[in-house]
Amino acid sequence: MTVIYESEDREGTKTREYYVVDAIPKKPRKLPREAYHDSFRELTGQMRLSLQAITPLYVGSGGYEFDSEGIYLPFARRSSELIIPGSSLKGVIRSYAEALSPSCFGGECQGETFCPCCAIFGAKDYSGRVSCLDAEPSDEYSTKTVEIKVRWGKKNRDRRGRRLYYHGDIWEAEKDTGERVEVVPAGTQFHFDLLFKNLAEWELGLLILAMGLSPQHRFELKMGGGKNRGLGSIRFELSEIQARQSKNSFSSFHIQTESLQVDKLVKIYFKKFPRYEEDIKQLIRDFHSRTKPEEDGLQ
Ligand SMILES: [Zn+2]
């Protein structure tokens, strides 16, 4: 059964969060670890991607800074240049992949059996087969600080399920009553590489689906801080995907480079879990119907 419920804050105001419960089982029958390591038959390669901010985006570094107006939360940087850390990118892709597959929450699997996402992204003692490099701005960029509302959630609320977020306008606060964060404006573009090794075709299909890259199943994602206050709507675009596949399982294996068709891979993913295909498509439609850029004055 699928339940989607919306969240309220202490004053009873609807928040920008909603919860999806049991759309796709959280505890699938797990596969033995060896099943994911048929290392000479699978796909190894990289995707070149861009990320566009659809609303102002804030990805923090965990620290604080001061300016003439006081304290604020700065955007992440590497030697003074703005970046989106690869670990943040991997985290957001994983959370959507978990929502769209029979996977556990955030890497709970242990021992010798893994759900699909632990096998792809890693678990406690296993580093996974996907990594993202840090994203850098594609062009000249600017940042500004915005003051967003501090939102206190209702206590004692049953928060079972997977938390997702509406897209919408920034929820700005009156001066000196909110939280100041450094954002890049809507329209800012970043680029990065995603590296993968030994992925089965269905696993690569899940990655593509979870990033909203399938032309049939496009959607915008949310990332970074302030997601429930109008920040962090993003869109991924795939510029290039390269993969090589071994045709021989012995040491002198032949490597073939091929350009992969993303929709073919997504179809292979749906074939892997036919029981969940309709629920997965419904979830994606729901991600999308909760994106109303024209109503919210977004681009
Ligand atoms: Zn797991």
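Rules of the game
- Residues numbered from 1 in each chain as written.
- Predicted model: local features only at pLDDT ≥ 70, side-chain atom pairs only at ≥ 80, totals over all residues.
- Helix = DSSP H or I, 4+ residues; strand = E, 2+ residues; numbered from the N terminus.
- Buried ≥ 20, exposed ≤ 12 C-beta atoms within 10 Å, placed from the backbone.
- Contact = placed C-beta atoms within 7 Å.
- Core = buried A, V, L, I, M, F, W, Y, C linked by C-beta atoms within 7 Å.
- Axes fitted to C-alpha atoms, helices over the stretch in contact; angles between N-to-C directions.
- Parallel < 35°, antiparallel > 145°, perpendicular 65-115°, else oblique.
- Nonpolar A, V, L, I, M, F, W, Y, C, P; charged D, E, K, R; others polar.
- Pairing = 2+ DSSP bridges.
- pLDDT = per-residue confidence, 0-100.

## What to know about the overall build of the protein chain
Line of reasoning, step 1. Looking only at helices and strands, the protein chain features five helices and 18 strands.
Line of reasoning, step 2. For the protein chain, buried positions account for 36% of its 299 residues.
Line of reasoning, step 3. Look at the contacts in the protein chain between residues 6 or more apart in sequence, and 75% of them connect residues 24 or more apart.

## With respect to the environment of Val59
Line of reasoning, step 1. Among the structural elements, Val59 can be located in the loop between β4 (43–53) and β5 (65–67).
Line of reasoning, step 2. Its 26 C-beta neighbours within 10 Å are what place Val59 among the buried residues.
Line of reasoning, step 3. Taking the C-alpha atoms as reference, Val59 lies 9.8 Å from Leu231; in sequence the two are 172 residues apart.
Line of reasoning, step 4. Ignoring any residue separated from it by four or fewer positions in sequence, one finds Val59 in contact with Phe75, Ala76, Ile84, Ser88, Met223 and Gly224.

## Some points on the nonpolar core
Line of reasoning, step 1. Ranked by size, the top nonpolar core spans 73 residues in total, and within it Ala97, Leu100, Leu207, Ile208 and Ala210 carry the most contacts.
Line of reasoning, step 2. Other than its neighbours up to four places away in sequence, Ile208 contacts Leu213, Ser214, Val262, Leu265 and Val266.

## Focus on the environment of Pro74
Line of reasoning, step 1. Mapped onto the elements of the fold, Pro74 is located in the loop between β6 (70–72) and β7 (77–78).
Line of reasoning, step 2. Residue Pro74 is classed as partly exposed on the basis of its 19 C-beta neighbours within 10 Å.
Line of reasoning, step 3. Note: C-alpha distance between Pro74 and Arg180 (106 residues apart in sequence) is 8.9 Å.
Line of reasoning, step 4. Not counting residues up to four positions away in its chain, the partners in contact with Pro74 are Ser61, Gly63, Glu65 and Glu182.

## Regarding unusual backbone geometry
Line of reasoning, step 1. Here Ser80, not a glycine, exhibits a phi torsion of approximately 70°, which is positive.
Line of reasoning, step 2. When you line up the elements, Ser80 lands in the loop between β7 and β8 (81–82).
Line of reasoning, step 3. With a phi angle near 50°, Asn198 is a residue other than glycine that sits in the positive phi range.
Line of reasoning, step 4. Mapped onto the fold, Asn198 is located in strand β15 (residues 189–199).

## Description of the packing of helix α3 (residues 201–210) against helix α4 (residues 262–272)
Line of reasoning, step 1. Interhelical geometry of α3 versus α4 gives an angle of 110° and a closest axis separation of 7 Å. Taken together, the axes of α3 and α4 lie roughly perpendicular to each other. The residues of α4 that touch α3, namely those facing Glu201, Trp202, Leu204, Gly205, Leu206, Ile208 and Leu209, are Val262, Leu265, Val266, Ile268, Tyr269 and Lys272.
Line of reasoning, step 2. Of the residues in the contact of α3 with α4, the class split is 10 nonpolar, one polar and two charged.

## What about α3?
Residues spaced three or four apart along an α-helix point in a common direction, a consequence of the helix completing one turn every 3.6 residues.
Line of reasoning, step 1. With respect to burial, α3 is a largely interior element, nine of its 10 residues being buried.
Line of reasoning, step 2. Glu201, Glu203, Leu204, Gly205, Leu206, Leu207, Ile208, Leu209 and Ala210 are the residues of α3 that are buried.
Line of reasoning, step 3. Against the buried residues of α3 lie β4, α1 (86–99), α2 (116–121), β10 (130–132), β15 and α4.
Line of reasoning, step 4. Directly beyond the C-terminal end of α3, a positive phi value near 70° is found at Gly212.

## Quick look at the pairing of strand β14 (residues 179–183)
Line of reasoning, step 1. In terms of residue burial, β14 counts as a mostly covered element, since four of its five residues are buried.
Line of reasoning, step 2. Of the pairings in the sheet, the one linking strand β12 (residues 144–148) to β14 comprises five bridges and is antiparallel in character. Counted as the bridge partner of Lys144 is Val183 from β14.

## Concerning the packing of α1 against α3
Line of reasoning, step 1. In the contact formed by α1 and α3, the axes pass within 8 Å of each other and the chain directions differ by 105°. Judged by the angle between their axes, α1 and α3 are roughly perpendicular. Along its contact with α1, which presents Ile93, Tyr96 and Ala97, the element α3 presents Leu206, Leu207 and Ala210.
Line of reasoning, step 2. When grouped by side-chain class, the residues that make up the contact of α1 with α3 number six nonpolar, no polar and no charged.

## Some words on the confidence of the model for the protein chain
Line of reasoning, step 1. In the predicted model, the protein chain carries a mean pLDDT of 83, and 80% of its residues have values of at least 70.
Line of reasoning, step 2. Across the protein chain, element-level confidence peaks in strand β11 (residues 136–137) with a mean pLDDT of 98 and bottoms out in strand β18 (residues 255–258) with 52.
Line of reasoning, step 3. When the criterion is pLDDT under 50, residues 248–255 qualifies, and its contacts beyond four places in sequence or with other chains add up to 11 contacts.
Line of reasoning, step 4. Of the regions scoring below 50 in pLDDT, residues 292–299 engages in 14 contacts with residues more than four places distant in sequence or in other chains.

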